[in-house]
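One letter stands for each residue in the lines below.
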Amino acid sequence: MTDTATTTPSLNKFEKFKAEKDGLAVKAEIEKFASLGWEAMDETDRDHRLKWVGVFFRPVTPGKFMMRLRMPNGILTSHQMRVLAEVVQRYGEDGYADITTRQNIQLRGIRIEDLPDIFNKFEAVGLTSVQSGMDNVRNITGDPVAGLDADELFDTRELVQQIQDMITNNGVGNSEFTNLPRKFNIAITGGRDNSVHAEINDLAFVPAFKEGNGELGVVSGEEEPAISSSSPTPYSLLPTPQRVFGFNVLVGGFFSAKRCDAAIPLNAWVPPSDVVAVCRAILEVFRDRGLRANRQKSRLMWLIDELGLDKFRSKVENRLGKSFISAAAKDEIDWEKRDHIGVYKQKQPGLNYVGFNVPVGRFFADDMFEIARLAEVYGSSEIRLTVEQNVIIPNIADTRLATFLTENLLERFTIEPNTLRRSLVSCTGAQFCNFALIETKNRALSMIKALESELTFTQTVRIHWTGCPNSCAQPQVADIGLMGTKVRKNGKTLEGVDIYMGGKVGADAHLGTCVTKGIPCEDLQPVLRQLLIENFGAHAKEELGVRS
Ligand code: SRM
Ligand code: SF4
């Protein structure tokens, strides 16, 4: 009897259609779909399997698809940005792009007949959208200032790329990992401020030094055979008394409508050279042992609950072919989280990175062309994205900085945004997402504009708007998280929010919790105003004699 058989007493509808035909199979059928058109296509291919190549049918805007890319570590080139701009440009008012909460880009307005051309364009510049939706590993996040930050402990860029290449077979697609029980998030951070929100990922690597104490790994002798035919090789003795750099491993963090949990320590420390293998081993255990009966109980944490952490750990060790070294006593996350907005010196003398605010992460073709141009003219053609849905252009020479800062684009995408706008994050919401209970992005912008007109601030306040309990905009990590809901008022059903507070990011990160339920959006402004005054040191402008 196989592992899978023992853990899958019944198949839900998603498991059934995956078993009938692997999602990745649609890759070979794109030309056919393009000539058939979206209305004539098989519905399961259209509504579900296309997500394996990053193409999302939008029931809210039928015929206008969304495309989700992969941007390892949130990094792309100006050429790639230009191609993405060209793709959305052809759709006029329907065509634009959103920076996502996983350092990624989604394109809007895509027509199915254009997919063959779009995929060709992507391939020509090394872009891929493969395995970016459904039961796959999502975009892998890394430090947005990796390789630039003088204080970083490890440059995450190469590792993130290696993990993506392993999972996606260098962006072509890898059927080894296209039938996971559910989505899977991986983050790796080498900085001191946890800029990737490690704690909310199914698998995260956080920097940690291990003292060389002669610890020797021993395989735990459990029933499941290791994948490798050779005997498990223990880690070699760590040299004593050297401090060795590596990562503590966290597992099981996730948000869902039913349950939200921060990741827990696996009690494992791994050197950078083992990170890819550890990702593979954990994914294999999740793939082969993960729970598939109920999609609300399929994320990694449910498997960890079912097995117990120790048993889960030893199953991973068996896949890995060696036992883990126990976690380092402490990790190196000891800074407040940075947002990277503004001008910052790089570790390379004479160079700077500049982070600018893209309100709620949305930009249009003209903006994208302009960002590509600025990256080429002033930087090294590189563009970076943050999980706060903003953009960084690195490698701007001191001598070019002043001119760069006079560029028109920075009037709209400013490096000095107002306090609330600076940290505003929003998910897609009702405009395109059929799960949404409320409209988010436009409402988020008008709400902070109204609040900024009546309040002054002494500190940043991170406000995250998410359109439903799926929590794509991570309201649980925010100072104030707003989660869409429906409320009854005067006999009518209205758009409303549940309010979350207490999310802490950076060092000692922990999740916020729901403090107030069911505020109608039309009544929200005075509620937020009061919260900002009472909890975040905001002052009413009239009290201070300030005219707006
Ligand atoms: Fe998400 C589903 C958008 C980050 C939890 N998410 C969706 C879908 C695909 C639903 C749909 O088909 O309409 C949304 C697409 C709407 C659209 O048209 O854009 C969607 N999720 C997003 C994005 C675009 C929000 C944003 O505006 O930035 C983010 C894309 C990230 C990426 O580049 O891959 C996004 N989603 C997240 C995050 C945050 C994160 O990863 O840090 C979460 C919570 C963390 C987590 O997953 O543990 C998240 N999304 C979900 C869930 C709940 C998962 C669960 O286990 O139940 C769903 C629903 C589902 O998978 O069944 C979902
Ligand atoms: Fe859609 Fe809900 Fe995610 Fe917002 S939180 S993008 S509304 S699934």
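What counts, and where the lines are drawn
Residues numbered from 1 in each chain as written. Chains lettered and ligands numbered in written order. Predicted model: local features only at pLDDT ≥ 70, side-chain atom pairs only at ≥ 80, totals over all residues. Heavy atoms only, no water. Near = heavy atom within 4 Å. Nonpolar A, V, L, I, M, F, W, Y, C, P; charged D, E, K, R; others polar. Polar contact = N/O pair within 3.5 Å; in protein donor to acceptor, adjacent residues only side chain to side chain. Helix = DSSP H or I, 4+ residues; strand = E, 2+ residues; numbered from the N terminus. Buried < 20%, exposed > 50% of the residue type's maximum accessible area, 1.4 Å probe, protein only. Pairing = 2+ DSSP bridges. UniProt positions renumbered as here; feature names shortened; annotations may be inferred. Donors = N, O, S within 2.8 Å, 3.2 Å for Na, K, Ca; no water. Axes fitted to C-alpha atoms, helices over the stretch in contact; angles between N-to-C directions. Parallel < 35°, antiparallel > 145°, perpendicular 65-115°, else oblique. Left-handed = near helix turned anticlockwise from the far one by under 90°. Contact = heavy atoms within 4.5 Å.

1. Points about the site of ligand 2
Here comes step 1: Around ligand 2 lies a shell formed by C427, T428, G429, C433, F435, A436, T466, G467, C468, N470, S471 and C472.
Here comes step 2: Considered class by class, the residues forming the shell around ligand 2 number six nonpolar, six polar and no charged.

2. As for the site of ligand 1
Here comes step 1: Near ligand 1 lie 32 residues; those nearest to it are T100, R108, R299, T428 and C472.
Here comes step 2: N104 has a polar side-chain atom sitting 3.0 Å from an oxygen atom of ligand 1.
Here comes step 3: Within the side chain of Q389, one N or O atom sits 3.4 Å away from an oxygen atom of ligand 1.
Here comes step 4: Secondary-structure elements contributing two or more residues to the shell around ligand 1 are β2 (65-68), β5 (105-110) and β9 (254-255).

3. Considering the pairing of strand β7 (residues 203-211)
Here comes step 1: Counting buried positions along β7 yields seven of nine residues, so the element is predominantly enclosed.
Here comes step 2: Where strand β6 (residues 186-188) lies against β7, three bridges are found, and the strand directions are parallel. Note that in β7 the partner of I188 across the bridge is F205.

4. Topic: the UniProt feature "domain: Nitrite/sulphite reductase 4Fe-4S" (unreviewed entry) in the chain
Here comes step 1: As annotated by UniProt and renumbered to match this structure, "domain: Nitrite/sulphite reductase 4Fe-4S" (unreviewed entry) occupies residues 134-323 and 422-528.
Here comes step 2: Split by type, residues 422-528 is 19% helix and 34% strand. Its first and last C-alpha atoms lie 17 Å apart.

5. Some thoughts on the coordination of the iron atom of ligand 1
Here comes step 1: Within the protein, just one atom coordinates the iron atom of ligand 1: C472 (SG), at a distance of 2.3 Å.
Here comes step 2: Here C472 is to be found in the loop between β19 (463-466) and β20 (480-489).

6. Focus on the packing of helix α5 (residues 78-89) against helix α11 (residues 365-378)
Here comes step 1: Packing of α5 against α11 brings their axes to within 8 Å, and their N-to-C directions diverge by 165°. By the angle between their axes, α5 is roughly antiparallel relative to α11. The element α5 and its partner α11 pack so that their crossing is left-handed. Residues S78, H79, M81, R82, L84, A85, E86, V88 and Q89 of α5 touch α11, and the partners they reach there are A365, M368, F369, I371, A372, R373 and E376.
Here comes step 2: Here the residues of the contact of α5 with α11 sort into nine nonpolar, three polar and four charged.

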